[in-house]
Amino acid sequence: MVMLKVDNINVYYGAIHALKGISVEVKQGEIVTLIGANGAGKSTTLRTISGLLKPKTGQIVFEGQNIAGVPAQNIVKLGISQVPEGRRVFAHMSVLENLELGAYLRSDTKEIKEDMDKVFSRFPRLGERRSQLSGTLSGGEQQMLAMGRALMSRPRILLLDEPSMGLAPLLVKEIFSIIKDINQTGTTILLVEQNAHMALSIANKAYVLETGRIILSGDAKELAASEEIRKAYLGG
Ligand code: ATP
């Protein structure tokens, strides 16, 4: 079943035409990745899906409903949650307070507590540091916190913007294995990455963006094996 269908969207920043007819499909249960160089339009695509930007033309259909132009907080309520590039945790608030903020649109106290426990069992380091100010966490821990905060809204689909950015290789591996696990426990994932190698290794399907257009798409394993992708994105 197609969960999210981005259909031929055009998005502008003032006079800058950032997305030129982007179409992306995500089926329920999949990991889909958007890869491509800096400035290709990957983050803009995620920000448009999550309601931070409005497409000038085109549709975004989530579970049968057109959500293009719907305000961001309503998008979260529908079950779409974004982990922004650069994590953006609230540095002067504790780990616990950041996680509580992720649930601010919910009122099901008992389930919120259960989800908090799940976050702490998925990310034990966050549990150990629950009272610590978030700004004092390492980059990897902040990434985990940003993911945990997004999970606190109980998303049906999680939008991840460059989760590996600035992390050491071992941590990148850890983050990717957590993403895989989140997917296997029932959350659909749309992943934006510059680390094409890692992204293709966990994704079902991939789209390659270049200057606001999709230039290639298909099965992630097939794309990882293609000569064109290897040359352009995987260092030979
Ligand atoms: P990155 O990895 O650098 O985030 P990206 O593929 O996510 O790259 P976008 O950030 O979506 O690319 O940028 C797409 C285009 O839109 C680029 O040309 C960029 O310069 C432009 N752009 C992005 N944000 C803004 C903004 N706030 N105002 C004006 N132009 C912007």
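How each quantity is defined
- Residues numbered from 1 in each chain as written.
- Predicted model: local features only at pLDDT ≥ 70, side-chain atom pairs only at ≥ 80, totals over all residues.
- Heavy atoms only, no water.
- UniProt positions renumbered as here; feature names shortened; annotations may be inferred.
- Helix = DSSP H or I, 4+ residues; strand = E, 2+ residues; numbered from the N terminus.
- Rg over C-alpha atoms; globule rule 2.2 N^0.38 Å.
- Buried < 20%, exposed > 50% of the residue type's maximum accessible area, 1.4 Å probe, protein only.
- Contact = heavy atoms within 4.5 Å.
- Areas by Shrake-Rupley, 256 points an atom, 1.4 Å probe, with all protein chains shown as cover.
- Lys, Arg positive; Asp, Glu negative; His and termini not counted.
- Charge placed at Lys NZ, Arg CZ, Asp CG, Glu CD.
- Salt bridge = Lys/Arg side-chain N within 4 Å of Asp/Glu carboxyl O.

The name recorded for the protein chain in an unreviewed UniProt entry is Branched-chain amino acid transport system ATP-binding protein, from Sporomusa malonica. Comment text from UniProt for the protein chain, heading Sequence similarities (unreviewed entry), reads "Belongs to the ABC transporter superfamily."

**Points about the overall build of the protein chain**
Helices and strands together make up the secondary structure of the protein chain, namely 10 helices and 10 strands. In terms of overall dimensions, the protein chain is globule-like: its C-alpha atoms have a radius of gyration of 17 Å, near the 18 Å expected for 236 residues. Counting only C-alpha atoms and orienting by the principal axes, one finds that the protein chain spans roughly 45 × 40 × 35 Å. Residues classed as buried in the protein chain amount to 48% of the 236 residues present. Partitioning the intrachain contacts of the protein chain with sequence separation of at least 6 by distance along the chain shows that 67% fall at a separation of at least 24. Put simply, the protein chain shows about 11000 Å² of open surface, and 51% of that area lies on carbon and sulfur atoms. Side chains of the protein chain give 28 positive and 24 negative charges; the mean places of these two sets differ by 3 Å.

**Regarding the pattern of salt bridges**
Overall, the coordinates contain 13 salt bridges when judged by the stated rule. We note a salt bridge from K5 to E25, for which the minimum N-O separation is 3.3 Å. One end of the pair, K5, is in strand β1 (residues 2-13); the other, E25, is in strand β2 (residues 16-27), and 20 residues separate them in sequence. Here K5 falls in the partly exposed class, since its relative accessible area comes to 34%. Under the relative-accessibility criterion, E25 is labelled partly exposed at 25%. Ionic pairing is found between K205 and E30, a salt bridge with its closest N-O pair at 3.4 Å. Pair noted here: K205 is in strand β9 (residues 205-210) and E30 is in the loop between β2 and β3 (31-35), with a separation of 175 residues, a long-range link. Just as K205 is buried, E30 falls in that class too. Here the salt bridges share partners, and the residues they tie into one network are R106, D108, D115, K118 and R154.

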